[in-house]
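# Structural features, examined
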Amino acid sequence: MKVHFTGLMIALFVTCFSNQPVAANPTSADPSKPLATHNTFPGAAPLAEKLYGEFESLLAAIEKLENGVKAKGADSLSYKPLATLKSNINQSHRGSDRLTMMGEPAGYDLYLRFHVLAHRTNLLVLSFMNTRQGQVMTQKILTQLPRRAVATQRASEKVIAMASSQPAEAEAAADKMSIERDSWENFIPIDQRGAYTPPYAEAREAADRAMRPQRIADARKVFDEAIATNLPSINELNRWVDEVTGQLRVTGNASVEGKVDVGGVEVMEELSRRWGIGHAGLQRVQGLRWAIQSHANATSLTSGSSYPSSYSTSSQAAPSDDTSLEADAWTAVAVVAMAKIIAADTESITIEKVPAAHQRYLSAIAGIATLGSSDLIIAKTDEPLKRLAAKNPAYAESVSAYESATADVLEFDRRATQQASMTWTSTKSVDQFVREAARSVGVSPGLFPESSTVPLAATLSYPADETMRVIGARITDATSSSPPVMAENVIRIAPSSRSSAVTYAIRTYGTIPAVTCPEPWNRWNREQMLVSDAFQPLTITALHAVSNPAMGNYAMVIGPVVSAQLESLITRFAGMSDAGAIIVPRGTVPTSDTESSMMNQMVIRVDIDPMFMLTETAVINAPAK
Amino acid sequence: MPQTPYPWWRYALLLGLFAGCSKEKMDAMVNTVKDQANAIASNPTIAKVLPATGNVQLAMTPPVSTTAAYVKIHKIGDGRPNVVHFTSYEPTGGPNQFPAILVRGITTANEVAELAGKNVAASVYVQTKSGASVYRTRPGDVIEMSISPPVADKNTVAATLPGFTLYDPQGQPMVVSQMTWEAVP
């Protein structure tokens, strides 16, 4: 059952939460998967795919040599395959740096992966050098190197000379020199390398110095364009709201998206759709700004040298706090627009249409409020809703009587639910659970230091696959001993969706299967709220009490984590789909909790098998499977 | 725990205080209010019909009782059924006086007087102290509440609920062998 559930959740998440290819991101079930790309810079995804492919084939080649050594000893090694390996790994390593310059954290993961491969290859080279064949090779190289020294020096000077005027050609020449360097460097004793490496290193650095700022500037241009495209336009929204409310005020209808005679409630739903698109855009903007920030802070990973500040773009990098302010402004406009729509509709509405309109607005508002900024929405729409109801005094009295007939029960239920939630005070939150399961233990890699009292960002220090192999297993182990975890703010992705999202907090988000309440309970709950097919709730609180459990929206869900996925923070947000943005409550964007580069910052997605679900006013046991 | 009744004129005094009255004005107000209270109390006709504060008694260990109880019919008026609330707290203030007890049921009665002699399928909520566990009937459980016919010279509504069990949010039971109301409409 669990296997089926996990598989289903993964499939759903790929479709609902991501623009990314199906194979993306290491999971507890398949840790070997690559990190996804957001592909803002054209060509990033194919480059990542190529490099992950190269990683796989280089890994296979290394394993083959290692197995040969195990079976037949170091004599099974020979110079040519080792030199080719070294060269290929170093070229791929430089490729990973290029990917990072495109703002892709997959580049950082690949950098770590190729680093591990380089280390394993170096161990093989060391074994080879201890063989007779290896010693002969070392002698041969040491004889040839002084003879080539003058030519090498000239080649290096040539690269340096053309670096500023012909950077691409200089880079190609430097690449050639790097390949040559790979053919000898690791095959001679370490203390003798220094005499021959400087011309190679100087050529490399000159070429990188020339190309790197250009690459960063190219990416920056693409990123700035992407930010401009994704930032929602407040002016445009205001213009649209003025237009439709102007129409509503006169006729009670508006033209929306080519459709005429659209009523006020549908206009509000269209507003919510536009709000949501802007909200998703702001999430992408935040991810893109983090990528730019990382750029600015980045040093060349493969050369290990940092570049002078004149090459960095840090002075132009937009502080990511701006996105929070932009999200505040966007939300404020959208919420005020909700109030404006009701007010405009109220002007032309006839008395007999008031009850139906009021109830449909309540229902629309209750739905929109589950997506975030609930308090603000309820506060801002309260007055216009009251004015709308007041247009029909008899109905306004019914609303007021309904409120007093349901308020006490809702208050008792709210207190009882709050008390029930105390049962789980010792239950770990998703974030605490992940933090413990994903910390480093001894030499086994994790995302958090082994012991730390302060909450720290999830940082990738080992390749994503290796990390996930360790923490994925730990999460599964922890799950088999079954400690339930507590997830807050669970929202059904869509009325027809088979899963609900656990909203993003700190560095985790998640999913649970959409569990609605058992029907006998729903029926009883509706009776308590005096609701039937003929009679709808007349307050938002009662609407939430009735619709949230029926819909699968919960304040809290308790249950064990059944699977996990590792994602990069930048990619999660820069590559956010419109539908996936439901994981962040409207009105907010994630904030950075680290001063350092965001390129190695991670997010963990968990899938939870629900045992108990809590709304504001009810605790519900998950139905038996 | 029974609640100490608070002289109602003190509320008036407090209201005056919030309204920002001067000391002199306040004193005058207090005297007027006191005079009126004394006048009401000394008038035999008014005293006779002056509403009792009502009470609710829970036969259980230890017993729980209140010195006030109210009954109110909420008429929504849009075609849906009416709801009757028997409360140990003032009907408009929410369950904020303790013990806070609510018995709630659907009724066809439009006026409190029409409740007499009727049975109401009720759900029950009890919170004895602020912050104490809330005990409720389980979803789907109903307790049959019998409302007594009116008694001459009495303007409270008497109602009785037979023995029942309520549960707190952790599932702990509270057994009540009987609940009786003398509620002020």
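Residues numbered from 1 in each chain as written. Chains lettered and ligands numbered in written order. Predicted model: local features only at pLDDT ≥ 70, side-chain atom pairs only at ≥ 80, totals over all residues.

### Observations concerning the overall build of chain A
- When you go through chain A residue by residue, the secondary structure sums to 19 helices and ten strands.
- Within chain A, the proportion of its 625 residues that are buried is 49%.
- Long-range pairs, those at least 24 residues apart, make up 77% of the contacts in chain A between residues at least 6 apart in sequence. (Helix = DSSP H or I, 4+ residues; strand = E, 2+ residues; numbered from the N terminus. Buried ≥ 20, exposed ≤ 12 C-beta atoms within 10 Å, placed from the backbone. Contact = placed C-beta atoms within 7 Å.)

### Here we look at the overall build of chain B
- Across its full length, chain B carries three helices and twelve strands.
- When burial is assessed residue by residue, chain B has 31% of its 185 residues classed as buried.
- Long-range contacts, defined here as pairs at least 24 residues apart, represent 51% of the contacts in chain B between residues at least 6 apart.

### Remarks on the environment of Gly 246 of chain A
Residue and element names in this part refer to chain A.
- Here Gly 246 shows up in helix H9 (residues 234–251).
- Classification of Gly 246 by C-beta neighbours within 10 Å gives exposed; the count is 12.
- As a C-alpha pair, Gly 246 and Leu 35 span 211 residues in sequence and 49 Å in three-dimensional space.

### Focus: the interface of chain B and chain A
- Taken residue by residue, the interface counts 23 residues in chain B and 23 residues in chain A.
- Within the residue set of the side of chain B that touches chain A, elements represented by two or more residues are strand S4 (82–87), strand S5 (100–107) and strand S6 (119–127) of chain B.

### Quick look at the pairing of strand S3 (residues 485–492) of chain A
Residues and elements named next belong to chain A.
- Counting buried positions over the eight residues of S3 gives seven, a clear majority of the element.
- Relative to strand S6 (residues 554–559), S3 runs antiparallel, the two sharing five bridges. Note that in S6 the partner of Val 490 across the bridge is Tyr 554.
- The pairing of S3 with strand S4 (residues 499–505) spans three bridges and is antiparallel. (Pairing = 2+ DSSP bridges.)

### Overview of the domain arrangement of chain A
Residue and element names in this part refer to chain A.
- Under the domain assignment, chain A is made up of domain 1 (37–221), domain 2 (231–299 + 312–391) and domain 3 (427–515 + 552–621).
- Sort the elements by how many residues they give to the side of domain 1 that touches domain 2 and helix H8 (residues 198–230) lands first, with three residues.
- Residue classes in the side of domain 1 that touches domain 2 are distributed as two nonpolar, four polar and one charged. (Domains from an automatic or database assignment. Nonpolar A, V, L, I, M, F, W, Y, C, P; charged D, E, K, R; others polar.)

### Comments concerning the environment of Asp 382 of chain A
Residues and elements named next belong to chain A.
- Mapped onto the elements, Asp 382 comes out in helix H13 (residues 374–390).
- Judged by local crowding, Asp 382 falls into the partly exposed class, with 13 C-beta atoms found within 10 Å.
- As for Asp 382 and Leu 82, which are separated by 300 residues in sequence, their C-alpha atoms are 73 Å apart.

### Digging into the packing of helix H6 (residues 167–182) of chain A against H8 of chain A
Residues and elements named next belong to chain A.
- In the contact formed by H6 and H8, the axes pass within 9 Å of each other and the chain directions differ by 140°. Relative to H8, the crossing made by H6 is left-handed. Across from Pro 167, Ala 170, Glu 171, Ala 174, Met 177, Ser 178 and Arg 181 in H6, the residues of H8 making contact are Tyr 200, Ala 203, Arg 204, Ala 206, Ala 207, Ala 210, Met 211 and Gln 214.
- Its residues assigned to classes, the contact of H6 with H8 comprises ten nonpolar, two polar and three charged. (Axes fitted to C-alpha atoms, helices over the stretch in contact; angles between N-to-C directions. Left-handed = near helix turned anticlockwise from the far one by under 90°.)

### Observations concerning the environment of His 93 of chain A
- Mapped onto the elements of the fold, His 93 of chain A is located in helix H3 (residues 79–101).
- For the pair His 93 of chain A and Ser 597 of chain A, spaced 504 residues apart in sequence, the C-alpha separation works out to 19 Å.

### Some points on the confidence of the model for chain B
All names here are of chain B.
- The pLDDT averaged across chain B works out to 79; a share of 71% of its residues lies at or above 70.
- Mean pLDDT across the elements of chain B bottoms out in helix H1 (residues 8–19) (37) and peaks in S5 (97).
- Counted against residues more than four places away or in other chains, residues 1–30, with its pLDDT under 50, gives 22 contacts.
- Two summary scores accompany this predicted model of the complex, namely pTM at 0.85 and ipTM at 0.76. (pLDDT = per-residue confidence, 0-100.)

### Focus: the sheet that holds S4 of chain A
All names here are of chain A.
- Read across the sheet, eight strands follow the order S7-S8-S5-S4-S3-S6-S9-S10 without closing on themselves; strand pairing throughout is mixed. In this open sheet, the two strands that pair with only one neighbour each are strand S7 (561–568) and strand S10 (619–621). When the angles between neighbouring strand axes are averaged without regard to direction, this sheet yields 30°.
- Of the strand pairs in this sheet, S6 and strand S9 (residues 612–614) are connected by three bridges, and their pairing is antiparallel. By the bridge assignment, Val 557 is partnered in S9 with Met 613.

### As for the nonpolar core
- Judged by nonpolar contacts, the single largest core of 194 residues is most densely connected at Met 338, Ile 341, Ile 365, Ala 487, Val 557 and Ile 604 of chain A together with Ala 183 of chain B.
- Other than its neighbours up to four places away in sequence, Ile 341 of chain A contacts Thr 245, Leu 248, Gly 264, Val 267, Met 268 and Leu 271 of chain A. (Core = buried A, V, L, I, M, F, W, Y, C linked by C-beta atoms within 7 Å.)

### Points about the packing of helix H2 (residues 44–72) of chain A against helix H4 (residues 105–129) of chain A
Residue and element names in this part refer to chain A.
- One way to put it is that H2 packs onto H4 with a least axis distance of 10 Å and a crossing angle of 20°. Looking at the two axes, H2 sits roughly parallel to H4. H4 is crossed by H2, and the crossing has left-handed handedness. For the pair H2 and H4, contact is made by Ala 48, Leu 51, Tyr 52, Phe 55, Leu 58, Leu 59, Ile 62, Leu 65, Glu 66 and Val 69 and by Ala 106, Leu 110, Arg 113, Phe 114, Leu 117, Arg 120, Thr 121, Leu 124 and Ser 127, respectively.
- Partitioned by chemical class, the residues of the contact of H2 with H4 number 14 nonpolar, two polar and three charged. (Parallel < 35°, antiparallel > 145°, perpendicular 65-115°, else oblique.)

### Remarks on unusual backbone geometry
- Along the chain, Thr 61 of chain B connects to Pro 62 of chain B via a cis peptide bond; the corresponding omega equals -15°.
- The amide bond that connects Phe 98 of chain B to the next residue, Pro 99 of chain B, takes the cis arrangement and shows omega of 0°.
- Following the sequence through the fold, Pro 99 of chain B ends up in the loop between S4 and S5.
- You will see that Asn 25 of chain A, though not glycine, has its phi angle at about 75°, which is positive.

### A short note on H3 of chain A
- Taking 1.5 Å of rise per residue, the 23 residues of H3 of chain A would be expected to cover 33 Å, and the 33 Å separating its terminal C-alpha atoms lies within 8% of that figure.
- Two residues or fewer after H3 of chain A comes Gly 103 of chain A, characterised by a positive phi angle close to 80°. (Expected span 1.5 Å × (residues − 1).)

### A few points about the confidence of the model for chain A
Residue and element names in this part refer to chain A.
- On average, chain A scores 88 in pLDDT, and the residues at 70 or more come to 90%.
- Here residues 1–22 is a poorly scored stretch, pLDDT under 50, and it has 33 contacts once near neighbours within four places are set aside; other chains count.
- Low pLDDT, under 50, characterises residues 299–318; the stretch is placed with 35 contacts to residues that sit more than four places away or in other chains.

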